[in-house]
Structures are given as C-alpha cells and as structure tokens.
Amino acid sequence: MNVKTIVRHLVPRSVIHRIRHGRGSLDQVMRLDAERFDRWMSRPDSTDPVQLDTQVMFHTHQIEKGLSHGDFRPCFGKQALADLSDGLRRLAEADPRHEDRFSWRQAMGALHEYRTRHETLGQDLTYMRRLFPDAVWRCIESGNPAMGGSTDHPAMEPSRLKAMPFAKLSVRRRSVREYSDEPVSRDAIMRAVALSQTTPSVCDRQPTRIHVYDDPTIIEQALDIQRGFNGYRTPPVLVLVSSDIRAFMTEGECHEAYVDGGMYAMNLLYALEIEGLAACPLNTMFTMSQDRRTRTLLRLPDNECFVMYIAVGRPLRTTPICRSRRRAAEQIVSWNQ
C-alpha cells in the first residue's frame, strides 16, 4: 500500500477536499479574474478602439432609451449627449476609419433621430450643436435612422406566437419597458417557468431559482435600489433569477452560477414571449449596500446569488422600443485561430 492510499484511508475526505479546494485556491481564481478585468475594462482614459466602442454604445443606448419613451420628453439626456460627444471624439482619434465602425454608425443613427425629432417639434438644439464639430454634425445629418434610435413594436396574439418558428420568434423578441394596465396571470408566469425548465445546467444540478413579485410596493422598492428602471412606470411583475450556490462543488465553478442562470434567463425571456408577455432583463450588478438592502427587502437567503431581474407585463398595442441593432455574425466569429 503506497503513501497516497494510506493517507486516503486515514484522513477524512472532507479534510482532503479542504486541502485541495481551500480558500487559497478560490482566492487565486478570483484574483486572476480581477486582474484580467482590471487590465482590460473600458475606462474614461482608454485609447483602445474596442474599449471606446463600449463607451460610445453605452451612451448611444442611453439616448435610444429616451427616444423610446411613450411619454417623450424633449431635450432629455444632455449629459448623455456630452458623454457621447467625448466618446466619439476619442474614437475618431484612435481609428482613422472610425466612420466604418459599428458603434459610430449606430451612434449617428440615434443622434439623427434625436436631431430630427427635436427639429420637428421646434425645439432649440443650440446645446447639442455646440457639442459636436461640423464634421460630426454632418454625419449626424446623414445618419441612417435604421442603425439606431427607436422603433415601434406591435403586440401579437399568443396563439400566433406559439405557432411561430423559433428563427422568427428570436428576431421578434425585444426588451419592452412599458406595459398595459392589464394584470399578468400567475398561470402565465408558471407556464413560462415550466417551459424554461428544459434549460441545460452543469452536471444537471439545476441551481437556478425563480422569485416572482407582483406586489407593487415591493417591486417599486426593489427597482429603487436597483436604479436601472428610472423614468418608467412600475412593471406589474418583477422576476428575480438567482442561483443556489449550494449546487457547486469546487472553486473552478465559482462563475457557473451566472452561466447557468444566464442561460435559464434567456430561455425564460423566450417563454414569456410565447405567452404573449412583454419583458425586459435588468442587471443586478449590485454594490455591497445594494446587495444587503435587496436581500433584506426580498428575503433572499445568503446561499443564493443574484443573476438578473426581468420586468414583465402585458404589452401595449404598440410600444416604442430601442432599435438596438446587432453586429453581423461575421464581425464576432473567428475560425481556427
């Protein structure tokens, strides 16, 4: 009998597991991720074109959300316009071919709609005009509206959605932030969750948990802490997707909660669409204070981690939504590199 076999017989398995997968190993995994994230995240002083794409697209989406409000508020987003102007300037300095970049064309589309809608309403655009150089202003004037801004999203009968091929359903599903006053039935939510149970999970451990809130007071308080749904009416239903950490076994699985939970959430969004419900995923990237306050409010146990919220409601007949164009598949795929 060799030494390893003797140790295995004498030392409890729990002790061996702690030695192999102790806190030190977990700290190493988390530190590696933290260091890599810190090296490559997009910052205010970034000069890499892809990092600048990130900032331009973020601020473009802020403009798109304002344009998609049913109750349009003229002259909104002055800070977003200023931030977008700065991002576009730095992107132009970083890439001589910046006008061909997806982020640039998307920004021009959104700014084109912003400009034309305000001009149609007779609004003073002096503030906006001062932010953008003549060359950029001409790009805004000729921007393709189909690349950015807002569009109308019509409701559709659930019977038609259930019969729709997945390829069409996937294209149709959009993030919708405004809902009708019609209540959402618990049966519809449960059918969507039941369908989402087909989502794959690591070693079939099924860690995802679904918490549904239809009390307007709780939803309002939760979203007030989250701070990502400002300017919109309280949705009829708020779904919290979480993962039970007890389903994982080694430090190498410390991110698996978000992988499994993210896959489940996407399936749930499709299932809600099939039920004829409008929905919008909302991040739960909380600070320590937000985490603590949200757990207290929603009575979420410490063994579950937040994955995302999903706001849910019955659709309006037609809802303005962000255009949110996607890159072509060829732009994100590499073969055998």
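The structure presented is a predicted model; accordingly, all values stated were derived computationally and were not measured.

Enquirer: Teacher, can you tell me more about the sheet that holds strand β3 (residues 237-244) here?
Expert: Where strands meet in a sheet, backbone hydrogen bonds hold them as pairs that are either parallel or antiparallel. Pairing in this open sheet of 4 strands is antiparallel, and the strands run β2-β3-β5-β4 from one edge to the other. Only two strands of the sheet have a single partner each, and these edge strands are β2 (208-213) and β4 (278-283). Averaged over neighbouring strand pairs, the angle between their axes works out to 25° when direction is ignored. Examined bridge by bridge, β2 and β3 share 6 bridges and lie antiparallel to one another. Within the sheet, the bridge partner assigned to Thr208 lies in β3 and is Ser243.

Enquirer: Is there a simple way to think about the environment of Val307 in this case?
Expert: As for its position among the elements, Val307 is in strand β5 (residues 304-313). Spatially, the C-alpha atom of Val307 lies 20 Å from that of Glu273, the residues being 34 residues apart in sequence.

Enquirer: Sorry, what's going on with the nonpolar core here?
Expert: The tendency in soluble globular proteins is for nonpolar side chains to be buried side by side. One finds Ile63, Leu88, Met108, Leu111 and Met128 to be the most contacted residues of the largest nonpolar core, which totals 24 residues. The set of elements that each furnish at least two residues to this core consists of α4 (49-67), α5 (78-94), α6 (102-120) and α8 (134-141). For this core, the element with the most residues is α6, which contributes 6 residues.

Enquirer: Can you walk me through the packing of α4 against α5 in this structure?
Expert: If you want to describe how two helices pack, look at the angle between their axes and the distance between the axes. Look at α4 against α5: their axes get within 9 Å of each other, and the N-to-C directions meet at 155°. With respect to α5, the axis of α4 lies roughly antiparallel. In this structure, α4 crosses over α5, and the sense of that crossing is left-handed. Together, Pro49, Leu52, Asp53, Gln55, Val56, His59, Thr60, Gln62 and Ile63 of α4 and Ala80, Leu81, Asp83, Leu84, Gly87, Leu88, Arg90, Leu91 and Ala94 of α5 make up the contact between the two elements.

Enquirer: Where do I start with the packing of α4 against α6 in this structure?
Expert: Viewed as axis vectors pointing N to C, α4 and α6 meet at an angle of 25°, and their least axial separation amounts to 9 Å. Classified by the interaxial angle, the pair formed by α4 and α6 is roughly parallel. Crossing geometry of α4 relative to α6 is assigned as left-handed. Each of Asp53, Val56, Met57, Thr60, Ile63, Glu64 and Leu67 in α4 lies in contact with α6, whose residues at this interface are Phe102, Ser103, Gln106, Ala107, Ala110, Glu113, Tyr114 and Arg117. Considering only residue class, the contact of α4 with α6 consists of 8 nonpolar, 3 polar and 4 charged.

Enquirer: What am I meant to see in a nonpolar patch on the surface here?
Expert: On the surface, a nonpolar cluster with roughly 400 Å² of combined accessible area is contributed by Ile332, Val333 and Trp335. In this structure, Trp335 sits in the segment after β6 (318-322). With a relative accessible area of 70%, Trp335 lands in the exposed category.

Enquirer: Any chance you could explain the packing of aromatic side chains here in plain terms?
Expert: Aromatic ring pairs are reported here in terms of the distance separating the ring centres and the angle at which the planes meet. Tallying each qualifying case throughout the model produces 6 aromatic pairs. Judged by centre distance (5.1 Å) and plane angle (75°), the ring pair of Phe166 and Tyr270 falls under edge-to-face. Within this pair, whereas Phe166 is found in helix α10 (residues 166-172), its partner Tyr270 is found in helix α13 (residues 256-274), the two being separated by 104 residues in sequence. By relative accessible area, Tyr270 is classed as buried at 16%. Site record: aromatic cluster; members linked through ring pairs are Phe72, Phe76 and Tyr114. Cation over ring: Lys78 sits above Tyr127, and NZ or CZ is 5.2 Å from the ring centre.

About the thresholds
- Position labels on residues start from 1 in each chain and follow its written sequence.
- Local features in this predicted model are restricted to residues of pLDDT 70 or higher, and side-chain atom pairs are both shown and tallied only at a pLDDT of 80 or more, whereas totals for entire chains, interfaces and linings draw on every residue.
- For the side-chain quantities, the full set of heavy atoms in the structure was used; hydrogens and water were omitted.
- Only strands joined by at least two bridges in the DSSP assignment are considered to pair.
- Where helices and strands are cited, they refer to DSSP runs of H or I of at least four residues and of E of at least two residues respectively, numbered from the N terminus.
- Helix axes are fitted to C-alpha atoms over the stretch in contact, other axes to C-alpha atoms as well, and angles between N-to-C directions run from 0 to 180 degrees.
- Only buried Ala, Val, Leu, Ile, Met, Phe, Trp, Tyr and Cys residues count toward a nonpolar core, and they belong to the same one when joined by side-chain atoms within 4.5 Å.
- We call a residue buried when its accessible area falls under 20% of the maximum for its residue type, exposed when it is over 50%, and partly exposed in between, using a 1.4 Å probe and counting protein chains only.
- Should an angle fall under 35 degrees it is taken as roughly parallel, and over 145 as roughly antiparallel, whereas 65 to 115 is taken as roughly perpendicular and any remaining angle as oblique.
- Left-handed is the label given to a crossing in which the near helix is rotated counterclockwise from the far helix by less than a right angle, and right-handed is the label when the rotation is clockwise.
- Here, residues are in contact when the closest pair of their heavy atoms is within 4.5 Å.
- Under the convention adopted here, Pro, Cys and the residues Ala, Val, Leu, Ile, Met, Phe, Trp and Tyr are nonpolar, Asp, Glu, Lys and Arg are charged, and Gly plus all remaining residues are polar.
- Patch rule: a residue counts if its relative accessible area is over 30% and it has no salt bridge; like charges are joined within 9 Å, and nonpolar side chains (Val, Leu, Ile, Met, Phe, Trp, Tyr) within 5 Å.
- The method behind every accessible area is Shrake-Rupley, applied with a 1.4 Å probe, and residues are considered shielded solely by the protein chains displayed.
- Here a salt bridge means any side-chain nitrogen of Lys or Arg lying within 4 Å of a carboxyl oxygen belonging to Asp or Glu.
- The criterion for an aromatic pair is that two Phe, Tyr or Trp rings (for Trp, the six-membered ring) have centres within 6.5 Å, with stacked assigned to planes under 30 degrees apart, edge-to-face to planes over 60 apart and tilted to the rest.
- Counted as over-ring charges are cases with an Arg CZ or a Lys NZ within 6 Å of the ring centre that also lie within 35 degrees of the ring normal.

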